[in-house]
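This is what each chain is made of:
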Amino acid sequence: MKSNLFILSLFTVLLFTSIDVLSFQISSPQNDLSQEGKIDSLNNWVEKNIEKDINNALSNSLNALELSKGIDYPLGEAQSMINLGWIYYRMDDYLKAIDFAFKGHQSIIPLNKPNLTIRSFFNIGAIYSEGSGQLELALEYFEEAYERSVAVEDRAMSGRALNNRAFILAQLGRYDEALELINPFLADKKDDFLESYARRTLGDIQKVQGDTTGAIDNYLSAYQILEKEQSYSTLTSCIIRLAELYLATGQNYKAKLYLDKGEIISKNNHFREQFITINQLYSTFYENLENWKEALYYQKKYASLQDSITSQMNSKNMGRMEAKIDFDQRLNAINTEMALNEKLINEKLQQQIFRRNIFLAGFIIMLVLVTIVLFTSYRIRRSKYQAESANRAKSDFISSMSHEIRTPLNGVIGFSDLLNSTPLDANQKQYITLINQSAKSLMEIVNDILDFSKIEAGKLEIELSQTNLYDLGIETVNLVAFQAHQRSIELILDIDEHIPKLVLADQVRIKQILINLLSNAVKFTNKGEIILKIERLGEELENFSKIRFTVSDTGKGIEPDNQEKIFSAFTQEDSSTTRKFGGTGLGLAICKKLLNMMGGKIYLKSELNKGSTFWFDINFETLEERQKEPALPIENLYALIIEKNQIHGKVIQENLSYLGASSTLALDQEEAEKLLQNSAPYNLILVNQHLKDGNGTQFIQRLKTELKLISNEPKVILMHDAFIQNSSIPEHIDALLIKPYKKPDFLQVLNKLFDQEDSKVSFDQNITSQEDLEQLKEISPSILIAEDNQVNMILTKKLLHNFIPKAVILEAKNGKKVIEVYNENEVDIIFMDIQMPVLNGYEATDAIRKIESKTGKHTPIIALTAGILNNERQKCLEAGLDDYTSKPMNKKDIGKILHQWLLEKIS
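Residues numbered from 1 in each chain as written. Predicted model: local features only at pLDDT ≥ 70, side-chain atom pairs only at ≥ 80, totals over all residues. Heavy atoms only, no water.

This brings us to the overall build of the protein chain. Each helix and strand in the protein chain was counted, giving 33 helices and 19 strands. Expressed as a percentage of the 907 residues in the protein chain, the buried residues total 46%. Counting contacts in the protein chain only where the partners sit at least 6 residues apart, residues at least 24 apart contribute 68% of the total. Accessible surface, the protein chain: about 46,600 Å² in total, of which carbon and sulfur atoms supply 51%. (Helix = DSSP H or I, 4+ residues; strand = E, 2+ residues; numbered from the N terminus. Buried < 20%, exposed > 50% of the residue type's maximum accessible area, 1.4 Å probe, protein only. Contact = heavy atoms within 4.5 Å. Areas by Shrake-Rupley, 256 points an atom, 1.4 Å probe, with all protein chains shown as cover.)

Another point: the sheet that holds strand E13 (residues 715-720). Spatially, E9-E8-E10-E13-E14 is the arrangement adopted by the five strands of the open sheet, whose pairing is parallel. Whereas interior strands pair on both sides, the edge strands pair on one side only; in this sheet they are strand E9 (662-666) and strand E14 (735-738). Here the average twist between neighbouring strands, direction ignored, is 20°. The sheet contact formed by E13 and E14 spans four bridges and is parallel. (Pairing = 2+ DSSP bridges. Axes fitted to C-alpha atoms, helices over the stretch in contact; angles between N-to-C directions.)

To continue, consider the pattern of salt bridges. As enumerated under the stated definition, the model contains 26 salt bridges in all. Residue Lys 267 pairs with Glu 263 through a salt bridge whose shortest N-O separation is 3.8 Å. Here the residue Lys 267 and the residue Glu 263 both occupy positions in helix H14 (residues 252-269), the gap between them amounting to four residues, near one helical turn. Among the residues examined, Lys 267 registers a relative accessible area of 46% and is labelled partly exposed. Residue classification places Glu 263 among the buried positions, given a relative accessible area of 15%. Salt-bridge contacts for Lys 743 lead to Glu 497; the nearest nitrogen and oxygen are separated by 2.9 Å. Within this pair, whereas Lys 743 is found in helix H27 (residues 743-753), its partner Glu 497 is found in the loop between strand E2 (490-495) and strand E3 (502-505), the two being separated by 246 residues in sequence. There is no split in this pair, since Lys 743 and Glu 497 are both buried. (Salt bridge = Lys/Arg side-chain N within 4 Å of Asp/Glu carboxyl O.)

What follows is about the packing of helix H13 (residues 232-248) against helix H15 (residues 272-288). Two numbers describe how H13 lies on H15: the axes approach to 11 Å, and their chain directions differ by 20°. Taken as axis vectors, H13 and H15 run roughly parallel relative to one another. Note that H13 runs across H15; the crossing there is left-handed. Counted together, Ser 233, Thr 236, Ser 237, Ile 240, Ala 243, Glu 244 and Leu 247 of H13 and Gln 274, Thr 277, Ile 278, Leu 281, Thr 284, Phe 285 and Asn 288 of H15 form the full contact between these two elements. Class assignment for the residues of the contact of H13 with H15 results in six nonpolar, seven polar and one charged. (Parallel < 35°, antiparallel > 145°, perpendicular 65-115°, else oblique. Left-handed = near helix turned anticlockwise from the far one by under 90°. Nonpolar A, V, L, I, M, F, W, Y, C, P; charged D, E, K, R; others polar.)

Moving on: the sheet that holds strand E18 (residues 861-865). Taken in spatial order, the five strands line up as E16-E15-E17-E18-E19 in an open sheet, and their pairing is parallel. Every interior strand has two partners, whereas the edge strands, strand E16 (808-812) and strand E19 (883-886), have only one. Averaged over all neighbouring strand pairs, the angle between strand axes comes to 20°, with direction disregarded. Relative to E16, strand E15 (residues 782-786) runs parallel, the two being bridged by five bridges.

This part is about the nonpolar core. Within soluble globular proteins, side chains that are nonpolar generally end up buried alongside one another. Residues Ile 87, Tyr 89, Phe 122, Ile 168, Leu 242, Tyr 246 and Tyr 258 are the most contacted members of the largest nonpolar core, which totals 78 residues. If you tally residues by element for this core, the top one is H13, at nine residues. Counting 43 residues, the second-largest nonpolar core is a separate cluster that includes Val 522, Ile 547, Phe 567 and Phe 614. (Core = buried A, V, L, I, M, F, W, Y, C linked by side-chain atoms within 4.5 Å.)

Time to look at the packing of helix H9 (residues 155-171) against helix H11 (residues 193-208). Closest axis-to-axis distance for the H9/H11 pair is 10 Å, and the angle between their directions is 5°. Put simply, H9 runs roughly parallel to H11. Along the contact surface, H9 presents Arg 155, Ala 156, Gly 159, Arg 160, Asn 163, Asn 164, Ala 166, Phe 167 and Ala 170, while H11 presents Phe 193, Leu 194, Tyr 197, Ala 198, Arg 200, Thr 201, Asp 204 and Ile 205.

Further remarks concern the pairing of E3. Pairing of strand E1 (residues 465-467) with E3, which is carried by three bridges, proceeds in the antiparallel orientation. Across the sheet, the residue bridging to Gln 466 is Leu 504, located in E3. Direction of pairing for E3 relative to strand E7 (residues 611-624): antiparallel, over a ladder of three bridges. Counterpart to Leu 502 in the pairing with E7 is Glu 624.

This brings us to helix H21 (residues 469-486). The end-to-end C-alpha separation of H21 is 27 Å, in line with the 26 Å expected for 18 residues at 1.5 Å each. Taken as a whole, H21 carries its principal kink of about 45° at Val 480. Taken as a whole, H21 has its buried residues at Leu 469, Tyr 470, Leu 472, Gly 473, Ile 474, Thr 476, Val 477, Val 480, Ala 481, Ala 484 and His 485. Where H21 starts, the residue carrying a side-chain oxygen 3.0 Å from the main-chain nitrogen of Tyr 470 turns out to be Asn 468. Positive phi appears at Ser 488, one or two residues downstream of H21, with a value of about 60°. (Expected span 1.5 Å × (residues − 1). Bend = angle between axes of the 7 residues up to and from the residue. Polar contact = N/O pair within 3.5 Å; in protein donor to acceptor, adjacent residues only side chain to side chain.)

Let us now look at H15. An ideal rise of 1.5 Å per residue puts 24 Å on 17 residues; H15 measures up with 25 Å between its terminal C-alpha atoms. Buried residues of H15: Gln 274, Phe 275, Ile 276, Ile 278, Asn 279, Leu 281, Tyr 282, Ser 283, Phe 285 and Tyr 286, and no others.

On to the environment of Ile 894. Secondary-structure assignment places Ile 894 in helix H33 (residues 891-903). Overall, Ile 894 belongs to the buried group, its relative accessible area being 1%. As a C-alpha pair, Ile 894 and Phe 803 span 91 residues in sequence and 8.8 Å in three-dimensional space. Setting aside chain neighbours within four positions, we find Ile 894 in contact with Leu 800, Phe 803, Phe 831, Thr 885 and Met 889.

With that settled, the discussion passes to the environment of Met 157. You can see Met 157 is positioned in helix H9. Counting along the chain gives 35 residues from Met 157 to Phe 122, while the straight-line C-alpha distance between them is 8.5 Å. Apart from the residues within four sequence positions on either side, Met 157 is in contact with Ile 118, Arg 119, Phe 122 and Ser 149.

Once that is clear, we can look at unusual backbone geometry. Note the cis peptide between Lys 739 and Pro 740, where omega equals 0°. Take Pro 740: it is sitting in the loop between E14 and H27. Although it is not a glycine, Asn 609 adopts a positive phi angle of roughly 65°. Tracing the sequence through the fold places Asn 609 in the loop between strand E6 (602-607) and E7. Taking relative accessible area as the criterion, Asn 609 reaches 69% and is therefore assigned exposed.

Here we come to the environment of Ala 786. By the secondary structure assignment, Ala 786 is in strand E15. Exposure remark for Ala 786: the relative accessible area of 0% places this residue in the buried category. Expressed as a C-alpha distance, the spacing of Ala 786 and Met 836, which sit 50 residues apart in the sequence, is 8.4 Å. Not counting residues within four places of it along the chain, the set of residues in contact with Ala 786 comprises Ala 812, Val 818, Phe 831, Met 832, Asp 833 and Met 836.

Here we come to the pairing of E2. Within E2, six of the six residues are buried, which leaves the element mostly enclosed by the surrounding structure. Residues Glu 490, Ile 492 and Asp 494 point to one face of E2 and Leu 491, Leu 493 and Ile 495 to the other, with burial holding for every one of them. Summarising the sheet, E2 and strand E4 (residues 529-536) pair through six bridges and their orientation is parallel. The partner of Ile 495 across the bridge, within E4, is Ile 534.

Glancing now at the packing of aromatic side chains. By convention here, two paired aromatic rings are described through the distance between centres and the angle between planes. In the structure shown here, the tally under the stated rule is 14 aromatic pairs. Taking 4.7 Å as the distance between ring centres and 25° as the angle between the ring planes, the aromatic pair formed by Tyr 282 and Tyr 298 counts as stacked. With Tyr 282 in helix H15 and Tyr 298 in helix H16 (residues 292-308), this pair connects stretches of sequence that are 16 residues apart. With a relative accessible area of 11%, Tyr 298 lands in the buried category. (Phe/Tyr/Trp six-rings, centres within 6.5 Å; stacked < 30°, edge-to-face > 60°.)

A separate point is the confidence of the model for the protein chain. Chain-level pLDDT for the protein chain is 77 on average; 78% of the residues reach the 70-or-more range. Within the model, pLDDT remains below 50 along residues 1-33, and this stretch shows 22 contacts once partners closer than five positions in the same chain are excluded. Across residues 311-325, confidence stays below pLDDT 50; counting only partners more than four residues off in sequence or on other chains, it has 21 contacts. (pLDDT = per-residue confidence, 0-100.)

Structure (structure tokens):
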């Protein structure tokens with residue numbers, strides 16, 4: 001069809017051109033068309049980018065106007081003047097704005113260009129609404145723009161006209177009418193300019209009606225959309241509105257953040273009145289802080305700027321009615337002149353037949369080109385639709401694969417854990433441990449791929465919660481300590497004691513980033529040490545803490561050419577086919593994207609064969625500052641630290657000093673012997689298990705028995721590696737402390753050594769005690785397991801029987817069967833798989849809750865899901881389930897759930 005249309009068009013062109021080839025050659029408008037195309041290109045760029053780049057828009061419009069006048073191109077001249085009317089309106093120069101708007105309107109009427117005419121009416125309405133304050137008159141022009149845009153099916157302009165009508169109605173106090181106009185844009189939730197404008201108007205209404213919270217929420221929604229759209233003028237108006245409300249509600253520093261952004265935008269785009277308002281708000285900000293010097297500075301600046309445009313404002317105010325009368329009279333004159341000129345135009349039409357034929361030929365050529373462009377556009381739209389469909393399909397595939405992959409892995413990990421707890425010989429225990437570790441490694445790879453896909457699909461969200469950064473650092477180090485000590489690498493935790501106790505953060509994602517960095521450090525380090533440092537930086541806003549996380553190692557380092565590449569997806573520093581390090585190559589890419597979502601950035605410094613340092617800074621909202629530690633259980637504590645690693649020893653020394661103790665560091669046995677001979681008596685000795693020339697336990701024994709340098713009074717703590725299985729205390733040693741040194745562990749050991757009640761070490765109140773587990777073995781509840789996978793059904797039954805041997809287990813393989821079993825039996829608790837045939841877990845839960853609404857009974861229902869979306873728990877709770885545990889199931893989590901939902905209920 002495309003080729004036939006092209007041949008037909010070409011034939012028509014040849015037919016017309018054969019009429020008079022000589023005349024066509026003489027009057028060819030090819031050069032003029034080329035110049036017109038340049039003007040049209042400039043004007044079209046301006047129309048699309050006025051809101052994003054007003055300075056270049058002004059320059060291009062003036063250029064297009066000058067070129068149009070030079071070649072007598074009325075359409076280009078009219079479009080340039082309409083654009084200039086809008087630009088000067090945005091720049092608060094209303095006199096120039098209404099002048100260009102009128103001239104553009106005057107020029108566009110004879111050209112019969114509906115879309116430009118609509119824009120002209122729209123410009124005039126906007127200028128009248130804000131430039132002259134004649135709201136009723138502005139409303140008339142917006143209604144005209146709306147009716148004309150509906151007639152030509154221009155959704156964008158009709159939507160903007162409706163939004164502007166609503167904005168004016170809100171200013172006139174006609175709130176119900178305004179809400180009726182903007183409700184469709186609020187319901188669409190398309191996150192486009194029309195919704196942002198509607199939300200700003202809704203915020204204005206809510207502000208007047210006293211709903212400050214609702215107004216802020218809608219202004220923030222509008223701000224986020226406008227920032228994405230780069231619509232800077234309307235964005236700045238939202239910034240001013242937010243700053244005003246934050247100042248009015250005492251949230252001064254939030255107001256300051258927005259004022260800083262608004263100041264930059266206003267300066268760059270010459271938004272004069274907005275810039276003046278921002279300076280006035282700065283003055284209010286500093287008044288609230290009682291910083292009178294700065295407040296006076298901005299008040300003077302505001303007054304100076306205000307004075308600079310007073311003459312223009314006075315002129316504008318004086319000319320409001322004159323402009324209106326003059327404009328309407330001249331518009332009527334245009335219409336009259338058009339009627340008189342119509343006859344003249346018809347007479348001249350006969351004289352232009354030859355020119356018409358030429359232009360008709362050009363039109364046909366243009367039609368062919370337009371057809372090609374439209375066909376190309378169709379192919380692009382179809383490709384875009386296919387890409388979007390593929391993206392949706394990918395997301396669905398990810399969700400499905402999450403369940404399908406993790407479900408069998410749940411069985412492998414769960415049963416290998418169970419088998420590992422049974423009597424096995426050495427070889428069998430080694431084999432089953434390898435199976436379990438391999439399954440968990442596979443799970444980590446799957447999680448990396450799924451996390452990356454969620455980020456790419458925009459489905460991963462940052463979830464802020466109360467977070468203890470000190471505990472987070474300890475938990476993170478504990479997770480990688482085993483691998484580090486297996487490779488004989490010194491793992492060091494260095495936490496600044498001045499970090500706040502509690503902050504608002506996504507602790508899961510921060511821990512994920514740190515574990516990734518530490519795991520990489522372990523992987524690429526053969527000897528030396530790995531340090532996790534958490535410190536508080538000085539430059540902070542009020543109620544915020546700037547925290548730096550640093551992971552450094554003494555590994556192989558990274559080639560300079562690869563230091564950017566490693567942050568790309570599916571890329572590793574060693575990308576050869578023979579590389580010895582495994583992994584997906586996604587870890588650092590995920591870290592980078594997660595930090596971008598949290599407003600941070602990851603940095604790298606590396607030197608070959610010397611090591612690498614990764615760090616990132618995040619501003620956290622401070623919830624509670626750290627309190628000084630209570631007094632030590634012994635006065636005048638004087639400790640000798642025998643540690644071959646100087647960095648680890650210094651960390652211990654700094655911590656002891658913070659606790660109020662004195663200490664001396666010995667880096668080898670010879671230095672330790674000299675200190676014991678010559679220094680004041682020590683009452684505590686911390687010794688590393690591995691020393692430069694021997695074993696810590698044997699060295700202490702030699703000091704006590706052979707050299708007689710240690711009496712029975714000093715307490716001796718042996719610092720040993722995390723992977724030691726035999727935790728019995730060796731002879732001549734008073735206590736064990738797992739490396740790396742951690743203050744809570746040390747305080748717990750110290751209090752026990754000196755027979756003090758351990759009041760400094762906090763325990764998780766949710767951990768199920770051994771006494772609680774024993775109580776679970778005495779009850780006999782009825783437990784219903786809903787699970788369609790047979791392996792997972794067996795595994796869940798085994799886990800539950802391990803905790804509650806007397807439990808009566810009921811089974812259901814689909815949601816419909818769950819309801820039947822529930823109706824026929826007295827059930828104390830239900831473990832509900834979410835993805836099941838016939839009825840899924842949500843549907844089965846809903847049916848049970850409807851039955852219970854009539855009986856008044858409530859049965860705890862626990863979700864079992866392999867879903868990995870970060871809002872999975874919230875979805876389960878909203879669907880009526882009571883608790884949630886993910887697959888593969890964790891024995892500790894199952895124990896907590898049984899304790900919480902059964903132990904207190906069943907006797």
